[in-house]
Amino acid sequence: MVIDAKAKEILKKLIEKGYEAYIVGGYVRDKLLGLEAYDIDITTSATPDEIKEIFNVVDNGGKYQSLTIEEGAYSFEITTFRKDISYDDHRHPQTAIAKTLDEDLVRRDFTINAMAVDVNGNIIDKHNGLNDIKNKVIRCIGDPIKRFDEDSLRMLRAIYLTSKLGFEIEKNTMDAIYEKAALVKDLSGMRKRIELFKMIKYNTNNSYIDVLIKSRIVDAYKPIKKALYFLYNNEIVTNDIILVLALGARLNKGIDYSLEYDNETKALLKEMLSVDPTDDITYMDKSFEAIRLSNEVNRILGREHKDNIDEYYKSLPIKGIKGIDVTSYDLMEHIEPEMISDMKQRIMNAILKGKIKNSKDDIMKYVLEEKKKMDEVIKSVIYAKIDQIMNSDSMVNLIVTLDDKTRYNLKLECERAVDLFLNCIYEFEIARNTNSDKLSAYVVSFKHITEVEDTEKQNAIYRKFMSSAVLDYTELKNGIDGYIDSIKTKSLHDITRSIIDRYSNDFYLYPAAAKLHHAYVGGLAYHTLGMLDVAKRMIECYPYLDHDLLISGTILHDIGKVIEFTGVENTEYAMKGQLLGHLLIGCDIISQTAKELGYTGDEEEVLMLLHMVASHHGIPQYGAIKKPCIAESAMLWFIDSIDSKFRVLGDELAKTKDGEFTEPIGVMDRVKFYKHK
C-alpha cells in the first residue's frame, strides 16, 4: 500500500530512534477504498515525552497519550500504544500505555478501523478487516454488546460509516445496537450532533435513517426526529445539514436546542421560522438564506412555495424597512414620533401590495391620507390563528392569520399572554385605527376556540383555518344519528347513543389520526360515517352479519381517540393515548357507560361490542388487543382497513397527473400506483 510521503517520513524518524511506529485507523481504511484521507493516525511505542524530543508537536493532553503535527492539508495524530483499563459512564476510557501493537489494535471499535500499515506499506490485519472491507461489512472487534456498553458513541460511528461507505452493519453488531440503543440518549448534545452531521453529509440512500429508526436511537434526536421520519417515509435523500435541521424545527413548530447548535445555526433557524414563503411581508429584513430555507422546507412538505425563490426575491420592490425612500425625519414633519415605526410598517406593506411606488412623493401622499384616519378607533371581533409570539419589555406582539389569510399584528400586555399558544385558534376582541389596513390592533380580550359553546360554530371556525372533512358538521351528525336510530337492540342503541351524545363535541371535531388518513377537522366522524356506509352494503351482501352489532361497533370503534389525542390543533398523543391506546380507552368508555345505564357488562351483546372495539385492528402487530373472533369483528377490521387505505390512495391519486405514478404510499406497502388516463 502506498502511503503519504510525510507520514512515511514521520514513521522513519521514530524507527531510527529505536521505536515501533505504524499508521492505523480510518486513513488505512479509506486509502484501501480509494477515498481521500487527510487525518492520519500514527501509533508508536514511543512515549509522549520521547515523541516531543523528535518533533514539534501540539500536546492534546496527557490523558490519552496523544500529540498532533499539522503539515499543510494533513493532520498527523501520534499516539503511544494504549490499552483500556476501564470505562466511565459508557463513554470515557481509562487508558494505560501498552507494550505492543496488538494490544493497541484490539481496543479499537471496528475491524475495518483496526488495520495498521508499516513504513514499507505492508498491511497488518489482526482482525480480518480486509475481508470485511471486501464484503462491505461493519463489524465490532470482540463482543459488540460489550464494546457498545464500554463506549456508546461507537453505535453512532457505526451508523455514520454505513452512510459514508455504503456498508451494512453485521447482524451481531446490529443486534447489539438494538440492545444498547438507550445508552445514546446519555451522550452530550454536541457528540450526537457531530456524528449526525457526518451521517447527513455522506448520505446517499437514507441508510443512516433506516438504522436510527429501527434501533430507536432516533428518539435521542428529538429536534429532528419528525424530520427524519418524514424524509424516510417519503424517500427524500438530502445532504443538506441545515435543511434537515430546518425541517425538524418546522415540524416541531419551534427550535429544540438539545443538540447544542452553534449561535449562527440557532439564529438562522429562528429567522427561518419567522418567514412564510407565501407572504412577502415576512421576507422583509430577513437574510436570503432564511427565506430560501423556509421555502425549501415548504417545498419538501408539499406546502405552498415559490418555484424560483431567488428570482422572485430579486423582483421584490423592497427588501425591508431600510429600503423605504423616506427617512424618519421626513415622517416627523407629519406624524408623532411614537407613530413612526408603525407607519413605516404600513408603508412597506403598501409598497409590497403594489398600492404605492417606493418613491418619496408617493409615500408622503400615502402618509397624509393615512393621517386623516388615525384618530378613529373601532372595536371588532376576529378569529385568528397565532403564527408567532414575540416578547418585548412590556408588550407581546402576536403575528396572527385570519380565515381570509390576512395577517394581523396584535399587541397585549405580557402577563395576559401566558395562556396563548402557537398554531392555536382564538376569538379576539380588538381595538384598532380604521387606517391600520388590518396590520395592527390592541387585544381587548380573547378566548380559545374550545370555549365557544356552540359545537357547530366551533366546527365552522376550525374549518376556516384547517384542512377538514368534505362533509360539514350537520351532514356528519345527521348521517351518524341516522345509523344510531337504525339500531334496534336496546342495550346497543342506548350505549351508542349515550357515548356519542357525551363526546359529541370532540367526536365531530377531532381528526382520526395525527397524520396520514383523516388527519383533519371532522376526520374521526367522516371516517366513521364512511365505514358505516360500507358496513351497510356488507350487511346486504352477507345477511348473516348482525346489523345492530356491526353498526354499533363501527360507530364506537375509534371513540377512544377523543381521549387518545390532545385535540384538534397541534394534534399529538396524550399521555393516556401513549400508555393505553384508543382500543383500550374505547373499551373502558363502553364498560363505564354500560354500568351507568344499568347493564352488568356480562350481557352477550355488551361483551360482543367490547370485543369489536378490542379486536378491530385485526392482529397484535397492528395494536389489536384480541384477534377478531366473531364475523362482525372480522368485518369491522376489513372495513376499517379499506376506508383508511383507500382514502389515502384517493388523496394521492388526486395529486397525481394522468399517466403518471403516485409517490410510494406507506399504508399500501409503499407501492407506487399508476393513475390511468
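Since this is a predicted model, take the numbers as computed values, not measurements.

Procedures and definitions
Residues numbered from 1 in each chain as written. Predicted model: local features only at pLDDT ≥ 70, side-chain atom pairs only at ≥ 80, totals over all residues. Heavy atoms only, no water. Buried < 20%, exposed > 50% of the residue type's maximum accessible area, 1.4 Å probe, protein only. Helix = DSSP H or I, 4+ residues; strand = E, 2+ residues; numbered from the N terminus. Pairing = 2+ DSSP bridges. Salt bridge = Lys/Arg side-chain N within 4 Å of Asp/Glu carboxyl O. Core = buried A, V, L, I, M, F, W, Y, C linked by side-chain atoms within 4.5 Å. Polar contact = N/O pair within 3.5 Å; in protein donor to acceptor, adjacent residues only side chain to side chain. Contact = heavy atoms within 4.5 Å. Patch = residues over 30% accessible without salt bridge, like charges linked within 9 Å, V, L, I, M, F, W, Y side chains within 5 Å. Areas by Shrake-Rupley, 256 points an atom, 1.4 Å probe, with all protein chains shown as cover. Phe/Tyr/Trp six-rings, centres within 6.5 Å; stacked < 30°, edge-to-face > 60°. Lys NZ or Arg CZ within 6 Å of the ring centre and 35° of its normal. Axes fitted to C-alpha atoms, helices over the stretch in contact; angles between N-to-C directions. Parallel < 35°, antiparallel > 145°, perpendicular 65-115°, else oblique. Left-handed = near helix turned anticlockwise from the far one by under 90°. Nonpolar A, V, L, I, M, F, W, Y, C, P; charged D, E, K, R; others polar.

**Q** Explain the pairing of strand 1 (residues 21–24) to me, please; I cannot follow it from the model alone.
**A** Here is the key point about a regular strand: its side chains alternate between the two faces of the sheet. Neither face of strand 1 is left uncovered, since the one carrying Ala 21 and Ile 23 and the one carrying Tyr 22 and Val 24 both have all their residues buried. Here strand 1 runs beside strand 2 (residues 39–44); their pairing, made up of four bridges, is antiparallel. Its bridge partner being in strand 2, Ala 21 is matched across the sheet by Thr 44.

**Q** Hey, could you run me through the pattern of salt bridges in this one?
**A** Close approach of charged atoms allows side chains with opposite charge to pair. Using the criterion set out here, one finds 40 salt bridges in the structure. Of the charged contacts, one joins Asp 151 and Arg 157 as a salt bridge, the two residues approaching to 4.0 Å between their closest N and O atoms. For Arg 157, a relative accessible area of 26% puts it in the partly exposed group.

**Q** Got a minute to help me understand the nonpolar core in this structure?
**A** As a rule of thumb, soluble globular proteins bury nonpolar side chains together. Core analysis: the biggest nonpolar cluster contains 81 residues, and Ile 23, Ile 42, Tyr 208, Leu 212, Ile 217, Tyr 221 and Ile 224 have the highest contact counts within it. With 59 residues, the next largest nonpolar core counts Tyr 383, Phe 465, Leu 509 and Met 612 among its residues.

**Q** Is there a simple way to explain the side chain of Ser 615 in this structure?
**A** Mapping Ser 615 onto the fold places it in helix 28 (residues 604–615). Classification of Ser 615 as buried rests on a relative accessible area of 0%. There is a polar contact of 2.7 Å between the side chain of Ser 615 and the backbone oxygen of His 611.

**Q** Any chance you could explain helix 10 (residues 207–215) here in plain terms?
**A** Because an α-helix completes one turn every 3.6 residues, residues spaced three or four positions apart along the sequence face the same direction. Counted residue by residue, helix 10 has eight buried out of nine residues, so it is predominantly covered. When we look at burial in helix 10, the residues that qualify are Ser 207, Tyr 208, Ile 209, Asp 210, Val 211, Leu 212, Ile 213 and Ser 215. Structurally, helix 10 contributes buried residues whose contacts are with helix 7 (153–165), strand 11 (168–169), helix 8 (171–180), helix 9 (189–201) and helix 11 (225–233). Trailing helix 10 by a residue or two, Arg 216 shows a phi angle of about 70 degrees, which is positive.

**Q** What's the story with the environment of Ser 467 in this structure? I'm lost.
**A** Relative to the helices and strands, Ser 467 resides in the loop between helix 19 (455–465) and helix 20 (473–485). Dropping the residues within four chain positions of it, Ser 467 is found in contact with Tyr 520 and Val 521.

**Q** How do you make sense of a nonpolar patch on the surface when you look at a structure like this?
**A** On the surface, Met 575, Leu 579, Leu 580, Leu 584 and Ile 625 cluster together into a nonpolar patch covering about 510 Å² of accessible area. Positionally, Leu 584 belongs in helix 27 (residues 582–596).

**Q** Is there a simple way to think about unusual backbone geometry in this case?
**A** Backbone phi values are negative for most residues with the exception of glycine, while trans is the configuration of most peptide bonds. For Asn 570, which is not a glycine, the phi torsion comes out positive at approximately 50 degrees. Tracing the chain through its elements places Asn 570 in the loop between helix 25 (561–564) and helix 26 (575–579). Here the phi dihedral of Arg 670 falls at roughly 60 degrees; this positive angle occurs in a residue that is not glycine. Locating Arg 670 in the fold gives a position in the segment after helix 29 (631–654). Using a relative accessible area of 30% as the deciding quantity, one classes Arg 670 as partly exposed.

**Q** Just checking my understanding: could you explain the packing of aromatic side chains for this structure?
**A** Each aromatic ring pair is characterised by the separation of its centres together with the angle its planes make. Taken as a whole and assessed by the stated rule, the structure comprises 13 aromatic pairs. The interplanar angle of 45 degrees and the centroid separation of 5.2 Å between the aromatic rings of Phe 288 and Tyr 313 together place this pair among those described as tilted. With Phe 288 in helix 14 (residues 288–301) and Tyr 313 in helix 15 (residues 309–315), this residue pair connects regions lying 25 residues apart in the sequence. The partly exposed category is assigned to Phe 288, whose relative accessible area is 30%. Taken together, a centroid distance of 5.8 Å and an interplanar angle of 45 degrees make the contact between Tyr 426 and Phe 428 tilted. Looking at Tyr 426, the relative accessible area reads 3%, which means it is buried. When its relative accessible area of 0% is taken as the criterion, Phe 428 is described as buried. Chaining the aromatic ring pairs together yields one cluster made of Tyr 426, Phe 428 and Phe 446. When the ring centre of Tyr 313 is taken as reference, the NZ or CZ atom of Lys 319 above it lies at 5.3 Å.

**Q** What is the right way to look at the packing of helix 20 against helix 23 (residues 523–541) in this model?
**A** Geometrically, a packed helix pair is captured by the angle between its two axes and the distance between the axes. One can describe the packing of helix 20 onto helix 23 by two numbers: an axis separation of 10 Å at closest approach and a directional angle of 40 degrees. Relative to helix 23, helix 20 is oriented oblique. Handedness of the helix 20/helix 23 crossing: left-handed. Here helix 20 contributes Glu 475, Leu 476, Gly 479, Ile 480 and Tyr 483 to the contact with helix 23, which in turn contributes Ala 525, Tyr 526, Thr 528, Leu 529, Leu 532, Asp 533 and Lys 536. Split into classes, the residues belonging to the contact of helix 20 with helix 23 amount to seven nonpolar, two polar and three charged.

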